[in-house]
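# Structural description and commentary
Now for the letters of each chain:
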Amino acid sequence: MLPDVLRADAGSHSLIQAQSDAQAVLTWLAEHADRPATLAAYRKEAERLLLWLDGRRQGLAQVKREDVLDYRRFLASPHPAEQWLGPARPRSHPDWKPFSKPLSPASVEHSLTVLGALFAYLNDAGYLNGNPFKLLRRRGARKASQEIERFLDADCWGHLQSTLNTLPRDTDREIRHAERALWLFTLLYLTGARRGEVAAARAGDLVRRNGNWWWHVVGKGGVSARIPLSDELMDAMARYRLSLGLPPQPAADEDTPLICRVGSKGQANPLSDKAIYLVCKEVFGRAQAGAPNDEVRAKLRAASTHWLRHTAASHQLEAGVPLLLVSQNLRHASIQTTRRYLHSEEDARHEASRLHKLKRDA
C-alpha cells in the first residue's frame, strides 16, 4: 500500500480529484494501466519515493532540489540496510523490502527519470507547483553512444547452454522446472524479447502467415509489432508444450501462457515478470558455480534477464543478420541504438590499429 499524505489545498486548482499524495500517484499510474510492465516499474519507483518521504515526514509538495539530491544518494546506498534491503520477494510477503540491492548508476538515473515524469504530470495537473527533478544535471549522457557490454560472449553462452541441458531431472517437478527453464532461455535468446513481454504473452498471440509463425507483441511505449519465430524456436515450443500435456502447436485464440507456473494445478497460470527474473538468476547462479574460468564466472555473476536481449542482438549481428532487420526484430526506435551491438566494428577498428606503427631507422 502506498503511504498516504493528505494535501490540505488539494483540489483548489487541480485537474485531478486526488486529496492525498497516494491518490495523486495512483491517478498517474492509472494512465499506464494498458501497459502492465510499465505500470509495475513505475509503481515500484513511486512507492520507494513515498516510503522514503514518509520516513522524513515529507509530502510530495515539500520536495526540494536538495531532497532530490539526497534521494539520488540514497538509491545508490539505501540505509539503514535492515529496513530497506532484503532478498527479492513478492510484495505481499511479510519480509518484503523495497530493494534487493543498491541501485547501479544507470538504475539510479532511470528511477529519477520516472519520478521526474511523475512530478511533471502532477505539476501539469495542478496538484503540485514545480518539478525539482527538472533541475538535476543528468549524468552518464555521454555513455549512451558507447557499445553495449552487458552481453554474453560465445564462451559464456556455450557454458550457459550446457548448464541448462544438465539441470536436475530426478523428480517430476525437477523435470518441469528444467523444461521450463530451457524454453524460457530459448524464447528470450531467439526473440530478444523483454521479460515483461514474455510474462504477458499468450499462445493466441502467435499467428501463422504463409507458413511462417509470428508473435504479435505490444512492447515498450505501447508499440505493437510482430516478431518472427524461427523453426528452431517453434520446435523448442513444441517440446515445452508437450511436457505440459498440450498439443505441440498453439491454437487460434488459445489463452495458455507462453511461460507457465510449475504446479500440479497451475500449468495454465502465467509466470510473472518478477518470477521470470528469479528463474533466470537461479540459472545464472548455477552456471556461475560451474564456470570454466574467472572471466566467465564474473560475467555470469553480473548477468540478468535483460542481458539475454543484448546477447540476442549481438549474436544476430555476429551471425550476419543485417543491421536493419535486427533493429526491426528488437523494435528499436533508432537503428543507431542497434548499432551499439555491432561489436565487429570495434574488432575491425582494433585490428586496423596494428597497421599504424612507430617508424624505425633502417
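An unreviewed UniProt entry annotates the protein as Integrase of Pseudogulbenkiania ferrooxidans EGD-HP2.

### Considering the side chain of aspartate 21
With respect to the secondary-structure elements, aspartate 21 resides in helix α1 (residues 21–30). Among the polar contacts listed, one links the side chain of aspartate 21 to the backbone nitrogen of leucine 60, at a separation of 2.8 Å.

### Some remarks on the environment of serine 14
Residue position: serine 14 is located in the segment before α1. Residue serine 14 is classed as buried on the basis of its relative accessible area of 16%. Sequence separation between serine 14 and glycine 126 is 112 residues, and the spatial gap between their C-alpha atoms is 4.3 Å. Setting aside anything within four residues of it in sequence, one finds serine 14 in contact with Ala125, Gly126 and Tyr127. In terms of polar contacts, serine 14 uses its side chain to reach the backbone carbonyl oxygen of isoleucine 16, at 3.0 Å.

### Here we look at helix α3 (residues 65–76)
Taking 1.5 Å per residue as the helical rise, α3 with its 12 residues ought to reach 16 Å, and the 17 Å between its terminal C-alpha atoms agrees with that figure. Along its buried surface, α3 packs onto α2 (36–55), α4 (81–84) and α5 (105–124).

Basis of the calculations
- Residues numbered from 1 in each chain as written.
- Predicted model: local features only at pLDDT ≥ 70, side-chain atom pairs only at ≥ 80, totals over all residues.
- Heavy atoms only, no water.
- Helix = DSSP H or I, 4+ residues; strand = E, 2+ residues; numbered from the N terminus.
- Polar contact = N/O pair within 3.5 Å; in protein donor to acceptor, adjacent residues only side chain to side chain.
- Buried < 20%, exposed > 50% of the residue type's maximum accessible area, 1.4 Å probe, protein only.
- Contact = heavy atoms within 4.5 Å.
- Expected span 1.5 Å × (residues − 1).

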